[in-house]
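Spelled out, the chains give:
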Amino acid sequence: MAVLHISNSSCNHVIEPDLFGFNMEVTRQTFWHGLSAQILANRKFFAAEGGFPCAWKTIGDIHWRQEKERAFLDFNNSGEIYQICQDTSLNEGEVYQLSILLKTQGDFEITVMINDKICGRHMVSSSDQAEELQFLAEMKTELSDPVFGLKVQGSGNLQLYAVSMFQGNHYFGMRRDVLEKLKALAPSALRFPGGCYAECYPWKNGLLPLNHRPVIHTDLYQGDFLLRNTFLQDCFEMNIDEFMRLCDYVGAKPELTLPLIRQPIQDSIDLVEYCRGGSDTRWGALRIERGHPEPYPVKEWYIGNEIYYFGGKLAEHGCLAAEKTIQLAEEIKKIDSECRLVLGFCPHNPEWSRAYLSKAGYLADKLSIHFYQTNEMDKNYRQVTDEMRSRVLEDFFIPELHRAKKLAEEIGCSHIPFSLDEWGYSWGEMGSPESMLVDSLLMAFLENHAKEWNIEKALYFHPINEGMILVNAHKAEWDYFGIAFQMFSALRGKEKLDITGQDLFYAVAGKIDQNRIGAILVAHNLQDDCTVRFESDLFSQSSAIRLFQIVPNRERYCISKTESSVGETFTIHAGAVAFAEIITE
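These lines cover the structure that appears in this document, whether it is placed above or below.

Notes on the sheet that holds strand β30 (residues 570–572)
- What the 9 strands build is an open sheet, ordered β29-β28-β31-β26-β25-β24-β1-β27-β30; its pairing is mixed. Looking at which strands have only one partner, the edges of the open sheet turn out to be β29 (557–565) and β30. On average, adjacent strands in this sheet sit at an angle of 25 degrees to one another, irrespective of strand direction.
- As defined by bridge partners, strand β24 (residues 495–500) adjoins strand β25 (residues 506–513) across 3 bridges and the pair is classed as antiparallel. Bridge pairing in β25 places Leu-497 opposite Ala-509.
- Seen against the sheet, helix α12 (residues 433–449) touches β24, β25, β26 (516–522), β28 (544–552) and β31 (577–583) and runs at an angle of roughly 60 degrees to β25.

Structural data, given as structure tokens:
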């Protein structure tokens, strides 16, 4: 049996609220079949194989055309396209918003169908400009894997640029059920657009109306790790204004990554001016004209992302990356002298880090570090054992922090705090008992020791469909670490307490308020259940206690709840994460 003793901490510090941020990168199924309310795949037809648009079937004299970042379907006279919306459900009684962007030479009748049922018709005539048609469709019954169809009848030529089908109650293109889950997690900050995606994100194209925006593709990177679920392209469903709406909705600070590798530096400068400039600036005036009179509250800017891996010439020569960073940073400071900059830093690439920070380090308000125990690019992928996961702190994370601290000292940057702006067990996978264990051990360590290691902030990667929130066609529900994170979140901004006697657990404790103490136990013994009892001078053995456990299993987790008095012993299940709320009155 473990006896856990809780006492006032000698260091007398508060658990840092900025440890509870998230990355909000557009990648894999984080937006598509995640946050986005869009139902149609490849809806701008950019992705194609053998001259046919991916995810679509065509009937008639229809040809796929591509022009730079845009594509369209070219109808000669009549024709029909349809898409089976896999892993999608249309709900009975719900209204869906449909739109079509097209240009015609000739007269045509446009018919929109769902499962062969007509949802709307519209007559169009010749026009030199693209025209957008809008339809509403109310579902009389629930439909699984519905078929969206578009029939064109007439003579002449019709160019179809985009189609769209949104859930009717969407919030600026986002699913409200997913937003509510994000809001419940109360992230301290959201970082957008990435991550790797940031280096491919042409923000100015996002100023166009939704259906007019060119797609984004990521040929900067090898492999399909970034947009594998959307045919290696993104239909640009979120612009800067929409991201700010997201932050407002969930109550998070917005943070933006400025690309450094391929996008023009001037575009990054203009983005800062768009967000922070006043009416006397070109881009600030445009933001105001677009309905956002106050500057966006972006205080933290990331200069590039993992330049040391993906930066080409900038990755080969840290001094070149530094020169480009200095050029960008000097212009940013002219726009917002109080902005804070996060610069790249890699303990595994000390030569690059030295060359880069010896020239540009004076600009850094924080040094960016990333940590995953494993991912598909690592040699240990699919080879991590239970023992390795249970020792993620001792054998992986703490040695990584030692390397980072030592390198920062060698470069003369030890006074600059760290920003752990990507962290987690892995990326690209749904939550699991394994990921919950590692993520919980890391989160508990951060709550206990972030100050000691000079970590001022942390951003988990990624909350949607990769650990915290599981989204399907019908609903958004909690994934493993989503529930555990809420336990840890109960201690954010609270006075940290010491907890000892935790050989069988990794634990963190804090004073929730004057009458309640919270303790989180991570059972890193994956083989056996164990018993535990609490003791402290801060409460009596007759004090009431409520114990919540996330008990993992291969199919799903279950939640166990127990109410008793502190003097009793409690069983903590193997691999569980438990939250003890002790009433001190």
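Here's the deal with the side chain of Thr-325
- By secondary structure assignment, the location of Thr-325 is in helix α8 (residues 318–335).
- For Thr-325, the residues in contact, after removing those within four places along its chain, are Leu-260, Ile-303, Leu-343, Tyr-356, Ala-360 and Leu-363.

Quick word on the packing of helix α4 (residues 265–276) against helix α5 (residues 282–289)
- It is the contact of α4 with α5, at a shortest axis distance of 7 Å, that shows an interaxial angle of 50 degrees. In terms of orientation, α4 and α5 fall into the oblique class. As α4 packs across α5, the resulting crossing turns out to be right-handed. Touching Asp-270, Glu-273, Tyr-274, Cys-275 and Arg-276 of α4 are Arg-282, Trp-283, Gly-284, Leu-286 and Arg-287, all from α5.

What to know about unusual backbone geometry
- Of note, the amide linkage connecting Phe-192 to Pro-193 takes the cis form, showing an omega dihedral of -5 degrees.
- Position of Pro-193 relative to the elements: it lies in the loop between β13 (189–192) and β14 (216–217).
- That bond from Phe-461 to His-462 is cis: its omega, -10 degrees, falls within 30 degrees of zero.
- Here His-462 is to be found in the loop between β21 (455–460) and β22 (469–471).

What to know about the packing of aromatic side chains
- Scanning the entire structure with this criterion turns up 31 aromatic pairs.
- With a centroid separation of 5.3 Å and an interplanar angle of 45 degrees, the aromatic rings of Trp-203 and Tyr-274 are classed as tilted. Within this pair, whereas Trp-203 is found in the loop between β13 and β14, its partner Tyr-274 is found in helix α4, the two being separated by 71 residues in sequence.
- Exposure remark for Tyr-274: the relative accessible area of 0% places this residue in the buried category.
- Between the aromatic rings of Tyr-480 and Tyr-557, the centroid separation amounts to 5.3 Å while the plane-to-plane angle is 70 degrees, which identifies the pairing as edge-to-face.

Here's the deal with the pattern of salt bridges
- Evaluation of the coordinates by the stated rule reveals 36 salt bridges.
- When the shortest N-O distance is used, the salt bridge between Arg-121 and Glu-109 registers 3.9 Å. Here Arg-121, found in strand β9 (residues 117–124), pairs with Glu-109, found in strand β8 (residues 95–114); they are 12 residues apart in sequence, far enough to count as distant.
- Taking relative accessible area as the criterion, Glu-109 reaches 25% and is therefore assigned partly exposed.
- For the salt bridge of Lys-204 with Asp-267, the shortest nitrogen-to-oxygen distance reads 3.0 Å. Pair noted here: Lys-204 is in the loop between β13 and β14 and Asp-267 is in helix α4, with a separation of 63 residues, a long-range link.
- Residue Lys-204 is classed as partly exposed on the basis of its relative accessible area of 24%.
- Through salt bridges with shared partners, a single network forms among Glu-255, Glu-300, Arg-340, Lys-366, Glu-456 and Lys-457.

Structural notes on the nonpolar core
- Core analysis: the biggest nonpolar cluster contains 130 residues, and Leu-35, Ile-240 and Leu-246 have the highest contact counts within it.
- Excluding residues that lie within four positions of it along the chain, Leu-35 makes contacts with Met-24, Thr-30, Gly-173, Met-174, Arg-175, Val-178, Leu-179, Leu-182, Met-238, Leu-246 and Ile-464.
- Core analysis: the next-biggest nonpolar cluster, separate from the first, contains 31 residues, Leu-102, Leu-133, Phe-135 and Leu-160 among them.

Points about the sheet that holds strand β20 (residues 418–424)
- Read around the barrel, 8 strands follow the order β2-β13-β16-β17-β18-β19-β20-β21 and close on themselves; strand pairing throughout is parallel. Averaged over all adjacent pairs, the angle separating strand axes in this sheet is 30 degrees, with direction ignored.
- The pairing of strand β16 (residues 253–258) with strand β17 (residues 300–303) spans 3 bridges and is classified as parallel. Bridge assignment links Leu-256 to a residue of β17, and that residue is Trp-301.
- This element, α4, spans β16 and β17 of the sheet and lies at about 165 degrees to β16.

Observations regarding the pairing of β29
- Here 9 bridges tie β28 to β29, and the two strands are oriented antiparallel to one another. The partner of Pro-552 across the bridge, within β29, is Tyr-557.
- Taken together, β28 and the strand that follows it, β29, pair antiparallel across an intervening segment of 4 residues.

Conventions we followed
Residues numbered from 1 in each chain as written. Predicted model: local features only at pLDDT ≥ 70, side-chain atom pairs only at ≥ 80, totals over all residues. Heavy atoms only, no water. Pairing = 2+ DSSP bridges. Helix = DSSP H or I, 4+ residues; strand = E, 2+ residues; numbered from the N terminus. Axes fitted to C-alpha atoms, helices over the stretch in contact; angles between N-to-C directions. Contact = heavy atoms within 4.5 Å. Parallel < 35°, antiparallel > 145°, perpendicular 65-115°, else oblique. Left-handed = near helix turned anticlockwise from the far one by under 90°. Phe/Tyr/Trp six-rings, centres within 6.5 Å; stacked < 30°, edge-to-face > 60°. Buried < 20%, exposed > 50% of the residue type's maximum accessible area, 1.4 Å probe, protein only. Salt bridge = Lys/Arg side-chain N within 4 Å of Asp/Glu carboxyl O. Core = buried A, V, L, I, M, F, W, Y, C linked by side-chain atoms within 4.5 Å.

So far we have only geometry, and geometry alone does not tell us how the molecule works.
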